[in-house]
Amino acid sequence: MINRRKFIQQGVLGTVALGFTNEIYAQSAFNSIVKTATKPIVISTWDFGIAANQAAWKILKQNGRALDAVEAGVKVPEADLKNVTVGNGGYPDRDGHVTLDACIMDENGNCGAVLAMEHITHAISVARLVMEKTPHVMLAGEGALQFALENGFQKEDLLTKESEKAWKEWLKKAEYKPIMNIENQHFSPNKLPGNQYNHDTIGMLALDSQGNMSGACTTSGMAFKMHGRVGDSPIIGAGLYVDNEVGAATSTGVGEEVVRTVGSFLVVELMRQGYSPEDACKKAVQRIVKKKPEKAKEIQVGFLAMNKQGQYGAYALQQGFSFAVCNEEQQDLLIKGKSIY
Ligand code: ASP
């Protein structure tokens, strides 16, 4: 799979070939709409989105529901012990607790989330149960764990030896300073020096063969965060938003800035106003820059979006953001996100 992986720099050539940017769609809007043969399609954040998309694709290619696809997809990095930013094996908070944040949203506007939940690998599945089995949208901490256990999930220890080692290293200096764009070190966490750490979330958006959209977002959050800290990822409107009439968006990066701008909701609303997915993501990133120009230079935030026609795009503050795309034509496409800096 790795050998076949194509890494495409967004640009004119990629644009024409793949037909995903604004200019091209603006020029050939009718063709693009006719060309919704890309449906079904799934996209997700970062390199680890490739493997996740493939799990989602198994469902989508059999005309399955986008909701089932995104849940199955993000379960892949959740279960990957080498992935130190999502699910089991995620880096802990500064007190040594691995606390997970996740949310899911379907084509009918139903949504569910778990916040700062410990001991359950598949936070996304618990979030889905919150959506489907409770009158609530969010369950947090102990309550989320209690609900999961009552619904048949097993209590697990999510702190791997490697993550524990990284945490103990970090404690020596105990400096909370998120490091950008080292996500390609995901798969060798032992190489991270003690004062460095990582933060990357899987956000996944799917459009199924029925034309319905759903999204999922799951993370262990910022490594060595304060105990109880919750980021953007489980917050509907911040880390994820789906409007089946318009499109869907998700985010990754320093969650505090995404929450402040209600980022994913903003991206969807911009698409409603007619912006392409990429331009909507760019506008949302620019909003962060405008509000906090100095801070924006130091942190990473990336948005990923797809509209109802299956057109997609992304934009980030910094270089280094990538997203994976999977449809009938190609199951393992990885694209470099454009960035402000
Ligand atoms: N957005 C996540 C959080 O703030 C982290 C990330 O995606 O990098 O928890």
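Residues numbered from 1 in each chain as written. Predicted model: local features only at pLDDT ≥ 70, side-chain atom pairs only at ≥ 80, totals over all residues. Heavy atoms only, no water.

1. Structural notes on the overall build of the chain
Helices and strands together make up the secondary structure of the chain, namely 12 helices and 14 strands. Counting over 341 residues, the chain shows a buried share of 59%. For the chain, the share of sequence-separated contacts (at least 6 apart) that also reach a separation of at least 24 residues comes to 66%. Of the accessible surface of the chain, which amounts to about 13,800 Å², a share of 51% is contributed by carbon and sulfur atoms. (Helix = DSSP H or I, 4+ residues; strand = E, 2+ residues; numbered from the N terminus. Buried < 20%, exposed > 50% of the residue type's maximum accessible area, 1.4 Å probe, protein only. Contact = heavy atoms within 4.5 Å. Areas by Shrake-Rupley, 256 points an atom, 1.4 Å probe, with all protein chains shown as cover.)

2. A closer look at the sheet that holds strand β14 (residues 338-339)
Sheets are built from strands paired through backbone hydrogen bonds, the pairs being either parallel or antiparallel. Read across the open sheet, the 5 strands follow the order β8-β9-β10-β11-β14; overall the sheet is mixed. Pairing within the sheet leaves two strands with one partner each, and these edge strands are β8 (240-243) and β14. Of the pairings in the sheet, the one linking β8 to strand β9 (residues 247-253) comprises 4 bridges and is antiparallel in character. Looking at β9, one finds that Y241 is bridged to A249. Contacts from helix α10 (residues 263-272) reach β8, β9 and β10 (301-307) within the one sheet, and its direction differs from that of β9 by about 145 degrees. (Pairing = 2+ DSSP bridges. Axes fitted to C-alpha atoms, helices over the stretch in contact; angles between N-to-C directions.)

3. Topic: the side chain of S220
Along the chain, S220 turns up in the loop between β7 (213-219) and β8. From its side chain, S220 meets the backbone nitrogen of V86 in a polar contact 3.5 Å long. Once you skip the residues sitting within four places of it in the chain, S220 turns out to touch V84, T85, V86, G87, G90, Y91, T99, L100 and K225. (Polar contact = N/O pair within 3.5 Å; in protein donor to acceptor, adjacent residues only side chain to side chain.)

4. Remarks on the confidence of the model for the chain
For the chain, the mean per-residue pLDDT works out to 87, and 83% of the residues sit at or above 70. Overall, residues 1-36 carries pLDDT values under 50, and its contacts beyond four positions in sequence, including any with other chains, amount to 52 contacts. Confidence drops under a pLDDT of 50 for residues 182-197, and excluding neighbours within four residues, the segment shows 42 contacts in the predicted structure. (pLDDT = per-residue confidence, 0-100.)

5. Considering the site of the ligand
Around the ligand, a shell composed of H199, D200, T201, G221, M222, R229, D232, S233, T252, G253 and G255 is seen. The separation between an oxygen atom of the ligand and a polar side-chain atom of R229 is 2.7 Å. Measuring from a nitrogen atom of the ligand, one finds a side-chain N or O atom of D232 at 2.6 Å. For the ligand, whose free accessible area comes to 270 Å², the fraction covered by protein is 100%. A breakdown of the residues in the shell around the ligand according to their chemical character gives 1 nonpolar, 7 polar and 3 charged. (Near = heavy atom within 4 Å. Nonpolar A, V, L, I, M, F, W, Y, C, P; charged D, E, K, R; others polar.)

6. Observations concerning the nonpolar core
Ranked by internal contacts, the top residues of the largest apolar core, which has 88 residues, are V267, F303 and Y312. At 7 residues, the largest contribution of residues to this core is made by helix α6 (residues 123-133). The contact partners of V267, leaving out residues within four places of it in the chain, are A249, A280, C281, A284, F303 and A305. By size, the runner-up hydrophobic cluster in this structure holds 7 residues, among which are V84, Y91, A166 and W167. (Core = buried A, V, L, I, M, F, W, Y, C linked by side-chain atoms within 4.5 Å.)

7. With respect to the side chain of D232
Along the chain, the position of D232 falls in the loop between β7 and β8. For the buried D232, no salt bridge exists, and the shortest N-O distance to an oppositely charged side chain is 5.3 Å, to R229. Within the structure, the side chain of D232 is placed 3.5 Å from the side chain of S233, a separation counted as a polar contact. (Lys, Arg positive; Asp, Glu negative; His and termini not counted. Salt bridge = Lys/Arg side-chain N within 4 Å of Asp/Glu carboxyl O.)

8. Some remarks on the environment of I120
The residue I120 is located in the loop between β4 (111-117) and α6 in this model. For I120, a relative accessible area of 1% gives the class buried. Each C-alpha atom of the pair I120 and L158 lies 7.5 Å from the other, and the pair is 38 residues apart in sequence. With sequence-adjacent residues up to four places away left out, I120 is seen in contact with L100, V126, L145, A148, L149, F153, Q154, E156 and L158.

9. Concerning the pattern of salt bridges
Counted under the stated rule, the structure contains 14 salt bridges. Taking the shortest distance from any N to any O, the salt bridge between D106 and R65 comes out at 3.3 Å. Linking D106 in the loop between β3 (100-105) and β4 with R65 in the loop between α4 (49-60) and α5 (66-79), this pair joins segments that are 41 residues apart in sequence. Exposure remark for R65: the relative accessible area of 29% places this residue in the partly exposed category. Close ionic contact of K172 with E169 constitutes a salt bridge, the shortest N to O distance being 2.7 Å.

10. Digging into unusual backbone geometry
With phi around 65 degrees, W46 is a residue other than glycine that occupies positive phi space. You can see W46 is positioned in the loop between β2 (41-45) and α4. Taking relative accessible area as the criterion, W46 reaches 1% and is therefore assigned buried. Its identity is not glycine, yet V262 carries a phi of approximately 45 degrees, on the positive side. Tracing the chain through its elements places V262 in the loop between α9 (255-261) and α10. Note on V262: relative accessible area 39%, which makes it partly exposed.

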